[in-house]
Amino acid sequence: SSSPNSPCPKHRRSSRRSRGSWHRNSQNSQDSQALLALGQFQTLPLEIFHMVLNYLSVKDISTLSMVSKTISHRLINYISTSSGTRRLLLQDFHNLELPGRREGTSILEHYKSLGLLLKRCTFLQPTRDRLKYVHKVLSGVSCFKLSGCASPLNCLGLKCYGVTPLPSFCHLQILTAGWDELECHRVFNFLWELSNLAKKVQTVVSSKAGSCRKLELRIRLYCRRVLLNHWTHSSDSAFWLTRILKPWPIVNQARLLYILFGPVSSLRHVVWWKMVEGPTDESSLKGLAEAIKLLYGTEAREWTADDVISLLDELAVVPQEWLMENNARLLLLSGNNICFTFLASKAVNGRAVELARLVVFMALVCEKDRYCMDWTVKMMQKVCEVFSTPWERNNFLQCLENVFAHMLMDTLQAVLAGGHNEEDSSFINLFHLVNAQANFHKEILYMALRSNSST
């Protein structure tokens, strides 16, 4: 006979059946809730649901994804199907207009809507899972890869990749909008590793200038179209530019900045020697100036004034020492604050001759580019206040006049050596330099007379 303390087998079997019944009831309850979340769609077979989606725009589908978690999961499954992929992942990146759509409906707008859809569908997932999912969705599009398109200059692939979901998800701007900085760091690191950018950047910054022209072009296009060009707020642009530059030493930062924003040829290859061989125009320096202003602004918290000054110093010798006129023009385009900080650093460090040359060339640029000369005079006056002793200030002013005199003599000798052809560049340089000196001293006299009259 069985012991009175032994468990009853019948009772144990009943317990297992009750537990199994509870799990089944719980699962059935969850399934019922999921079906209820589908609303009227619960009566439709999956194939019919997908057919209905084909009649909706991508923007409408993204709105539908917010109805419920169950609907969102169904849409995720739809995106992964062959029909969903064909419908959503358009790959005609060499035509501006979408086939069969009204005029003005661009493929960029399509991918912007797709980015919103992917963002909403993956809203409840951790960042790591969102990145992996969107990468899986978009990994089959060759034009989204750094070296995936045979004709990158005429391709909208990278622009679409940068204007939708995460870096690996076609529209970085839409997917990361509103994210905190830590999440954006994860996104950048994911994209950096995925595209093997570190190795490629290391190749171009350590190679001879212009020896990797195709790779330089692809890095420029990828970084600007995917990471930089789509932001409306300067703080966002500064954040992503900082992520690109900060991993590298200051020398490599300067070379990479030149690759990204320096002048390019008609074939979009970086023109390395333009700053070295002769004076250049504003258009060749505007991109670099805008980038410098981004890094100097209050939004770029990881950059100090000394960092930006060091970057400017390094940039001025990429690939060799620039003409001083091009340095002066870059400073003018970079704005008052950067210009003064840079000049003041020369004054503090006792580099009076170099400071004097910069001021003279700034006066020459103002004359050539038709800026107000009083700007240069006021900047010089402000810099003079940085000197700690009257002797240092007077020494700087003497260096300034010496530079004017030496430049005039050198330019005059070049004119005499080349004859009296008025079309000769030396003659034109002499014309501008004489006018620059006259207007510069005229503004100083005006300033002195105003000061005397006020006292």
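Going by the structure above, here's the rest.
The rules behind these values
- Residues numbered from 1 in each chain as written.
- Predicted model: local features only at pLDDT ≥ 70, side-chain atom pairs only at ≥ 80, totals over all residues.
- Heavy atoms only, no water.
- 1 Å grid on protein atoms, 1.4 Å probe; cavity = no way out; pocket = protein on both sides within 12 Å on 5 of 7 lines; lining within 4 Å.
- Points joined across faces, edges and corners; volume = space filled by probe spheres on them.
- Nonpolar A, V, L, I, M, F, W, Y, C, P; charged D, E, K, R; others polar.
- Domains from an automatic or database assignment.
- Helix = DSSP H or I, 4+ residues; strand = E, 2+ residues; numbered from the N terminus.
- Expected span 1.5 Å × (residues − 1).
- Buried < 20%, exposed > 50% of the residue type's maximum accessible area, 1.4 Å probe, protein only.
- Contact = heavy atoms within 4.5 Å.
- Phe/Tyr/Trp six-rings, centres within 6.5 Å; stacked < 30°, edge-to-face > 60°.
- Lys NZ or Arg CZ within 6 Å of the ring centre and 35° of its normal.
- Salt bridge = Lys/Arg side-chain N within 4 Å of Asp/Glu carboxyl O.

Please give an account of the layout of surface pockets that cites residues and values.
There is about 360 Å³ of room inside the largest pocket. Surrounding the largest pocket, 17 residues form its lining, Glu325, Phe361, Leu364, Met407 and Asn429 being those nearest its centre. Classifying every residue of the lining of the largest pocket by side-chain character gives 9 nonpolar, 3 polar and 5 charged. Viewed by domain, the lining of the largest pocket spans two of them, domain 2 (199-334) and domain 3 (350-454), each represented by three or more residues.

Could you give an account of helix α22 (residues 390-417), naming the residues involved and the relevant values?
Relative to the 40 Å expected for 28 residues at 1.5 Å per residue, α22 spans 41 Å between its end C-alpha atoms, a close match to the ideal helical length. For α22, the full list of buried residues reads Phe396, Cys399, Leu400, Val403, Phe404, Met407, Leu408, Thr411 and Val415. Elements in contact with the buried residues of α22: α20 (352-369), α21 (373-384) and α23 (425-454).

Would you mind going over helix α13 (residues 234-245) in detail, with residue names and values included?
In this model α13 runs 16 Å from its N-terminal to its C-terminal C-alpha over 12 residues, within 8% of the 16 Å that 1.5 Å per residue would give. Most of α13 is tucked away, with 9 of its 12 residues classed as buried. Regarding α13, the residues found buried are Ser237, Ala238, Phe239, Trp240, Leu241, Thr242, Arg243, Ile244 and Leu245.

Please provide a residue-by-residue account of empty space enclosed by the protein, values included.
Within the structure shown, the criterion is met by 1 cavity of 30 Å³ or more. There is about 60 Å³ of room inside the largest cavity. If you go around the largest cavity, the residues you meet are Cys143, Lys145, Leu146, Cys149, Pro152, Cys155, Leu158, Arg218, Leu221 and Arg225. Here the lining of the largest cavity gets 3 residues from one element, more than from any other, and that element is helix α12 (residues 213-228).

Tell me about the packing of aromatic side chains, and please be specific about residues and values.
Tallying each qualifying case throughout the model produces 13 aromatic pairs. Through pairs of rings, three or more aromatic residues link up here, namely Phe93, Tyr111, Phe144, Tyr161 and Tyr222. The residue whose ring lies beneath arginine 74 is phenylalanine 49, and the NZ or CZ to ring-centre distance is 5.9 Å. Here the basic side chain of lysine 246 rests over the ring of tryptophan 303, its NZ or CZ set 4.2 Å away from the ring centre.

Pulling in residues and values, what's your account of the pattern of salt bridges?
Within the structure shown, the criterion is met by 10 salt bridges. Between glutamate 290 and lysine 293 there is a salt bridge, with its nearest N and O atoms 3.2 Å apart. Taken together, the positions of glutamate 290 and lysine 293, both in helix α16 (residues 282-296) and 3 residues apart, correspond to about one turn of that helix. Among the residues examined, lysine 293 registers a relative accessible area of 33% and is labelled partly exposed.

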